[in-house]
Amino acid sequence: MNNSQLMESTEEKDLGVLVNKSLKVGTQCAAAANKGNRTLGMIKRNFTFRSREVILRLYKSLVRPHLDYAMQTWSPYLEKDKKVLEKVQARATKLIANIQHLPYEERLLEIPAVNQIDSDYRNQITSPVKTHFTIVDPKKTYRLCNRLDVVIDARDGKGRPVLSGDDYFRARISNPRLKASASSDGYVKYIGRGKYQVSFVLRWPGEVFVDVTLVHPAEAVQILRKIRDDFPSRCGYNGKFVRVVGEKTITKFTLCNVFPPDPNKTTCDFSNRRLNSPWFCTLPADMQCADFAWTCTNSKWAESRLLPLVTENVAWLFSSLYVYSMHSWVSFVF
């Protein structure tokens, strides 16, 4: 242009946003995270009083603007880019006094203002932090075969009772020194107003420790029920068919299961009616049912059917954060 050679450029900055030739936003995410981390370093060096209110105000006024600047033009869509920005927030929450020793997910529960939309949803479901249990009419001493009743009080992130009654709890008593343990004699029963009751029979002398675990909140249980109802068989299987034509051996693989894998295709019925054991395989082209050889598992089939039901928005419900145990102990049993 005007006898001037134009240099090739693979990346340019426009109004503070880095744009490369592939239009991917990884470079911009890294640059924003770098600015945010530098600001967090400055905060860590200059502020010794790090209460929740102080760190949140500093984070929202000094750090978050770097992460949110012109976000409409470079909003990350790859998981790796989202994690780069998420690490900045995780580092910021670790500056807050009294909770820096907690895992990141639990720190978020303690500071809902960091991510208001996500926290609003989390505050509506059963919180493993706010939920607690009590022993009904506790005594100083118990006798063997006495009954021990426990009431679990399910609470959401704001401490309100969770009234759905669908939370999945497990309860047991144990004594590690004696290597003794027992699950609840009946089951965890919902008794209304966000409370569940469990009953035990005291079966050994000595100390008894009570352990209650929130395995899944009600929202996760609903997802599991949908998987159970929509996919009664959650395992996939491959069937191998072998046919010899002259000196040539033809091998083909197909899908098998306890129900016809594809109702629109020809299916071989290998069910054992004497044992009431159904088994079906889709017949490959140019094969006969008599050519069936063996079956093996197909994990990719199960993943392709189940993973769409557990989206990124709900996958955290099944994280280790929501497999949370609460403990207590009872005086000596005689």
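Cut-offs applied
Residues numbered from 1 in each chain as written. Predicted model: local features only at pLDDT ≥ 70, side-chain atom pairs only at ≥ 80, totals over all residues. Heavy atoms only, no water. Helix = DSSP H or I, 4+ residues; strand = E, 2+ residues; numbered from the N terminus. Buried < 20%, exposed > 50% of the residue type's maximum accessible area, 1.4 Å probe, protein only. Areas by Shrake-Rupley, 256 points an atom, 1.4 Å probe, with all protein chains shown as cover. Pairing = 2+ DSSP bridges. pLDDT = per-residue confidence, 0-100. Contact = heavy atoms within 4.5 Å. Patch = residues over 30% accessible without salt bridge, like charges linked within 9 Å, V, L, I, M, F, W, Y side chains within 5 Å. Salt bridge = Lys/Arg side-chain N within 4 Å of Asp/Glu carboxyl O. Lys, Arg positive; Asp, Glu negative; His and termini not counted. Charge placed at Lys NZ, Arg CZ, Asp CG, Glu CD. Disulfide = S-S within 2.5 Å. Bend = angle between axes of the 7 residues up to and from the residue. Axes fitted to C-alpha atoms, helices over the stretch in contact; angles between N-to-C directions.

Caption draft 1: Local environment of the overall build of the protein chain. When helices and strands are counted, the protein chain shows nine helices and 15 strands. Expressed as a percentage of its 334 residues, the buried residues of the protein chain come to 37%. With the model as given, the accessible surface of the protein chain reaches about 20,800 Å², and the carbon-plus-sulfur share is 53%.

Caption draft 2: Geometry of the pairing of strand S3 (residues 132-135). Covered by surrounding structure in S3 are Phe 133 and Ile 135 only, the residues His 132 and Thr 134 on the alternate face being uncovered. Of the strand pairs in this sheet, S3 and strand S4 (residues 147-153) are connected by four bridges, and their pairing is antiparallel. Paired with Phe 133 across the strands is Ile 152, a residue of S4.

Caption draft 3: Main features of the confidence of the model for the protein chain. A residue-level look at the protein chain finds 85% of positions with pLDDT of 70 or above and a mean pLDDT of 82. Ranking the elements of the protein chain by mean pLDDT puts helix H6 (residues 116-122) last, at 55, and strand S12 (residues 267-269) first, at 93. Low confidence marks residues 113-117, where pLDDT is under 50. Its contacts with residues over four positions away, or in another chain, come to eight contacts.

Caption draft 4: Examining a positive patch on the surface more closely. Residues Lys 44, Arg 45, Arg 91 and Lys 94 make up a contiguous surface patch of positive charge. Inspection of the secondary structure assignment puts Arg 91 in helix H4 (residues 79-93).

Caption draft 5: Region of interest: the state of the cysteines. One pass over the full model with this rule turns up two disulfides. Two residues, Cys 256 and Cys 281, share a disulfide whose sulfurs are 1.9 Å apart. Residues Cys 256 and Cys 281 share a disulfide whose torsion about the S-S bond is about 110 degrees; that sign makes it right-handed. With Cys 256 in strand S11 (residues 248-257) and Cys 281 in strand S13 (residues 280-282), this pair connects stretches of sequence that are 25 residues apart. Each member of the pair, Cys 256 together with Cys 281, is buried.

Caption draft 6: Spatial organisation of helix H2 (residues 52-68). The largest bend in H2 amounts to roughly 40 degrees and is located at Lys 60. Three or more residues of H2 are buried, namely Ile 55, Leu 56, Leu 58, Tyr 59, Val 63 and Leu 67. Note on H2: the residue one or two positions beyond its end, Ala 70, has a positive phi of about 50 degrees.

Caption draft 7: Structural view of the sheet that holds strand S8 (residues 195-201). Taking strand neighbours across the sheet as the criterion, the four strands line up as S3-S4-S8-S7 in an open arrangement whose pairing is antiparallel. At either margin of the open sheet sits one strand with a lone partner, and together these are S3 and strand S7 (189-192). This sheet shows a mean twist of 30 degrees between the axes of neighbouring strands, independent of strand direction. One ladder, built from three bridges, connects S7 with S8; its direction is antiparallel. The partner of Tyr 190 across the bridge, within S8, is Tyr 196.

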